[in-house]
Amino acid sequence: MKKLFLKTLFLIFLGFVFINNDIKSQVVISESSSATPDNSAMLDIQSNSKGLLIPRLKTSERTGISNPAEGLLVYDSDLKCFFIYGKTAKGTVDWYNISDNSGIWAKTNNNVYLSNTAYNVGIGTTTPKRKLVIKAENLSDTLF
């Protein structure tokens, strides 16, 4: 009975300590015991030989998340792409594929090009009507 009383008293003491103090912390995960977190990070993961494994979900699991937080990052194992929940290029808040797995742009050596001829490219405009449209605000703007 005495041990139970001491344990209870200790837990009450810890409760008062934590209630009266704001607990703020930075966390470092590292293979080195002397690692310190970067001042600008709440979580600092350091390694020279391992990576970060993001949660892997099927498409139905990802889209089934109720009220996902903006900035939520998952790997869609069905589509083999990373998705983040946030503002899309269209201005809506939804799941956005950040893997650039769309196949619109391609790269060969030092050349980057539009790989799908059905698309138009616009510079200075969001509604190009031809394959390449370069538009200036006024005639004094430098185009090249």
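Residues numbered from 1 in each chain as written. Predicted model: local features only at pLDDT ≥ 70, side-chain atom pairs only at ≥ 80, totals over all residues. Heavy atoms only, no water.

Participant: Help me understand the overall build of the protein, please; the structure alone is not making it clear to me.
Facilitator: When you go through the protein residue by residue, the secondary structure sums to 2 helices and 10 strands. Counted from the first residue to the last, the protein has its helices and strands arranged as α-β-β-β-α-β-β-β-β-β-β-β. Across the 144 residues that make up the protein, the buried fraction comes to 13%. Accessible surface, the protein: about 12,400 Å² in total, of which carbon and sulfur atoms supply 57%. (Helix = DSSP H or I, 4+ residues; strand = E, 2+ residues; numbered from the N terminus. Buried < 20%, exposed > 50% of the residue type's maximum accessible area, 1.4 Å probe, protein only. Areas by Shrake-Rupley, 256 points an atom, 1.4 Å probe, with all protein chains shown as cover.)

Participant: For this particular structure, what's the right way to read the nonpolar core?
Facilitator: What tends to happen in soluble globular proteins is that the nonpolar side chains get buried as a cluster. Among the nonpolar cores identified, the biggest contains 6 residues, and these are Leu57, Val74, Cys81, Phe83, Tyr85 and Trp95. Per element, the largest residue contribution to this core is 3 residues, and it comes from strand β5 (residues 81-87). Val74 has contacts with Ile54, Pro55, Leu57, Arg62, Cys81, Phe82, Phe83 and Trp95, leaving out every residue within four places of it along the chain. (Core = buried A, V, L, I, M, F, W, Y, C linked by side-chain atoms within 4.5 Å. Contact = heavy atoms within 4.5 Å.)

Participant: Help me understand the pattern of salt bridges in this model?
Facilitator: Between side chains of opposite charge, a pair can form when the charged atoms approach closely. In total, this model carries 2 salt bridges according to the counting rule given. The shortest N-O distance in the salt bridge between Arg62 and Asp76 comes to 3.0 Å. Separated by 14 residues along the polypeptide, Arg62 in helix α2 (residues 59-63) and Asp76 in strand β4 (residues 73-76) bring together distant segments of the chain. The exposure classification of Arg62 matches that of Asp76, with both residues buried. (Salt bridge = Lys/Arg side-chain N within 4 Å of Asp/Glu carboxyl O.)

Participant: What exactly am I supposed to notice about the side chain of Asp76 here?
Facilitator: Given a relative accessible area of 0%, Asp76 falls into the buried group. Here the side chain of Asp76 touches Thr59 through a polar contact of 2.8 Å, side chain to side chain. Looking at Asp76, its side chain comes within polar contact range of the main-chain nitrogen of Asp78, at 2.9 Å. (Polar contact = N/O pair within 3.5 Å; in protein donor to acceptor, adjacent residues only side chain to side chain.)

Participant: What is the right way to read the side chain of Arg62 from this model?
Facilitator: Exposure remark for Arg62: the relative accessible area of 5% places this residue in the buried category. With residues up to four places along the chain from it excluded, the contact list for Arg62 reads Leu57, Val74, Asp76, Leu79, Phe83 and Trp95.

Participant: Sorry if this is basic, but what is going on with the environment of Thr88 here?
Facilitator: Position of Thr88 relative to the elements: it lies in the loop between β5 and β6 (93-97). Overall, Thr88 belongs to the buried group, its relative accessible area being 15%. Discounting residues that sit within four places of it in the chain, Thr88 has contacts with Asp94, Trp95 and Tyr96.

Participant: What am I meant to see in the sheet that holds β6 here?
Facilitator: Two strands in a sheet stick together by hydrogen bonds in their backbones, pointing the same way (parallel) or opposite ways (antiparallel). Pairing within the open sheet is mixed, and its 4 strands lie in the order β3-β4-β5-β6. Bordering the open sheet on either side are β3 (56-57) and β6, each of which pairs with just one other strand. As paired elements, β4 and β5 share 4 bridges and run antiparallel to each other. Directly across from Leu73, in β5, lies its bridge partner Ile84. (Pairing = 2+ DSSP bridges.)

Functional significance is not addressed by these values, which are geometric in nature.
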